[in-house]
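Breakdown of the fold
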There are 2 protein chains.
Amino acid sequence: MIESATPRTPLSSTPRSTLTRSKERGRTDRAELDAVLDAGLICHLGVLLHGAPVVLPTVYGRDGDTLYLHGSTGSGNMRAAMTGDVSVAVSLVDGLVYARSAMHFSMNYRSAVVHGRPVELTEREERLHALRVIVEHSAPGAWDRVRQPSKKELAATVVLALDLTEASVKVRSGPPRDDEADIETGGVWAGVLPLRQVWDAPIDSDDLEPGVEVPREVVRRSESGLIVAG
Amino acid sequence: MIESATPRTPLSSTPRSTLTRSKERGRTDRAELDAVLDAGLICHLGVLLHGAPVVLPTVYGRDGDTLYLHGSTGSGNMRAAMTGDVSVAVSLVDGLVYARSAMHFSMNYRSAVVHGRPVELTEREERLHALRVIVEHSAPGAWDRVRQPSKKELAATVVLALDLTEASVKVRSGPPRDDEADIETGGVWAGVLPLRQVWDAPIDSDDLEPGVEVPREVVRRSESGLIVAG
């Protein structure tokens, strides 16, 4: 993650970013929002299209108090995101929680939901900065190694900036919270099956010319196993 | 996954489920939709709340042509899902695609997006069936081992059924698709860093009484490593 010098804004509590369910899982620390956003690889973007919600997975990046998104100028969803409110969710599943009763099954997770109206970036330097943040989010260290966006590519791309002030964060961890009566009855296994994402060994592209080595940051990532962005 | 005897309905192509971008990644086979939904662990549900889209992660289950969702009767998002259109996305990231140019970076993924208006289930047997499908989706083999939902738990739960006929599926796999000019220039590594989810060893709950063993299906899942639902 690229760190900015901007001081963190505290999370707001507008009606739509105020948790009404499982409030004990809510987090209000701005650093927790950043941590979830930085750990995620994709987000789910919700837009309003022809009067109905549409959700789609997409990549993103964060710099300070701003979340960046991009897409094709030909995309109806991107046009909807340019002209109305959006909701962006980043969720990481850390494990499955096996309880003693069906309704207490759960997941351990970290999730962030951001609400707001994105602003389309029009200045070339701002756009390039945002694209760099997005590429570096999913592939840290890659931007400076590769060909930069051409004029034509930039013209075909919408770049959006979303302010991170209206957001909520939820985190669940630890064992199941079973009813006392079920614990007393006993006889049913309860616990957690942890889940994590791992990188495997890099695969060269078929059309790669001989002698080009896998970049160090890709090797390191592959060897680190556990997914940690930034 | 629980298989139903109902024949598969082909995927529809309404305006919102017709892909406008990267159409070559689109899939129209109904079996591919089922495969993505069955492989996912959580979905992202999009609803319309106070005129704006809201996206939130939640669990789900599939039985034949129906996707089941549940939530608390006290949840504003669930109330919104009971009275309007929703969009449900399930996305699996299979790898990061390192290209020779910034704008060709991509992900390998499988994603499904379903649109429609959920129906609230009111019959006790239907509701129990749906809850079983949801629990068995994330924890196969668990339902029959644990305490069933009580009257009180059922009264506090909304159960929704969403028809799977309006949906789109996108799959990307394989190496980067670089521009010919970038391939000719050469010197930049291009390839894929595969990503997968693995289960770790199960952790007993602190309050588990001695002598209760980890169920066989949980041990098997943990030993299988790779996440595959069903």
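Residues numbered from 1 in each chain as written. Chains lettered and ligands numbered in written order. Predicted model: local features only at pLDDT ≥ 70, side-chain atom pairs only at ≥ 80, totals over all residues. Heavy atoms only, no water.

1. Focus on the relation of the copies chain A and chain B
Note the threshold: In this comparison the copies share one frame, found by least squares on the C-alpha atoms of residues holding pLDDT of at least 70 in both. We call two residues contacting when some pair of their heavy atoms lies within 4.5 Å.
You can overlay chain A on chain B at an RMSD of 0.0 Å; the transform is a turn of 180 degrees with a shift of 0.0 Å along its axis. Both copies of the chain, as the preceding transformation shows, are related through a two-fold rotation axis. Among all C-alpha atoms of chain A, that of Gln197 of chain A lies closest to the rotation axis, at 2.2 Å. The residues that chain A uses at the interface reappear at the interface of chain B in 100% of cases, marking a shared surface.

2. Digging into the sheet that holds strand β9 (residues 157-163) of chain A
Strands belonging to one sheet form pairs held by backbone hydrogen bonds; the direction of such a pair is parallel or antiparallel. All names here are of chain A. Convention followed: Strands are treated as partners if at least two bridges between them are detected by DSSP. The secondary structure listing takes helices from DSSP runs of H or I that are at least 4 residues long and strands from runs of E that are at least 2 residues long, numbered from the N terminus. Inter-axis angles, ranging from 0 to 180 degrees, are taken between N-to-C directions of lines fitted to C-alpha atoms, where helices are fitted over the stretch in contact.
The strand order β4-β5-β9-β8 describes an open sheet built from four strands, whose pairing is antiparallel. Edge positions in the sheet fall to β4 (61-63) and β8 (119-120), since each of these pairs with one other strand and no more. Relative to β9, β8 runs antiparallel, the two sharing two bridges. When the sheet's bridge partners are listed, Glu120 is paired in β9 with Leu160. Together, β4, β5 (66-72) and β9 form the strand contacts of helix α3 (residues 124-138), whose direction differs from that of β5 by roughly 95 degrees.

3. Overview of the packing of aromatic side chains
Threshold: Any Phe, Tyr or Trp ring, taking Trp's six-membered ring, that has another such ring centre within 6.5 Å forms a pair; planes under 30 degrees apart are called stacked, those over 60 apart edge-to-face, and the others tilted. The cut-offs for exposure are 20% and 50% of the maximum accessible area for each residue type, with area from a 1.4 Å probe on protein chains only; residues under the lower value are buried, those over the upper are exposed, and the others partly exposed.
Applying the stated criterion to the full structure yields four aromatic pairs over all chains. Between Tyr98 of chain A and Phe105 of chain A, the ring centres sit 5.6 Å apart and the planes meet at 65 degrees, which makes this aromatic pair edge-to-face. We note that Tyr98 of chain A, like Phe105 of chain A, is buried. A centroid spacing of 5.7 Å and a plane angle of 55 degrees characterise the contact between Tyr98 of chain B and Trp189 of chain B, whose relative ring orientation is tilted. Of the two residues, Tyr98 of chain B is situated in strand β6 (residues 86-98) and Trp189 of chain B in the loop between α5 (180-185) and β11 (191-199); the sequence distance between them amounts to 91 residues. Exposure class is identical for Tyr98 of chain B and Trp189 of chain B. Each is buried.

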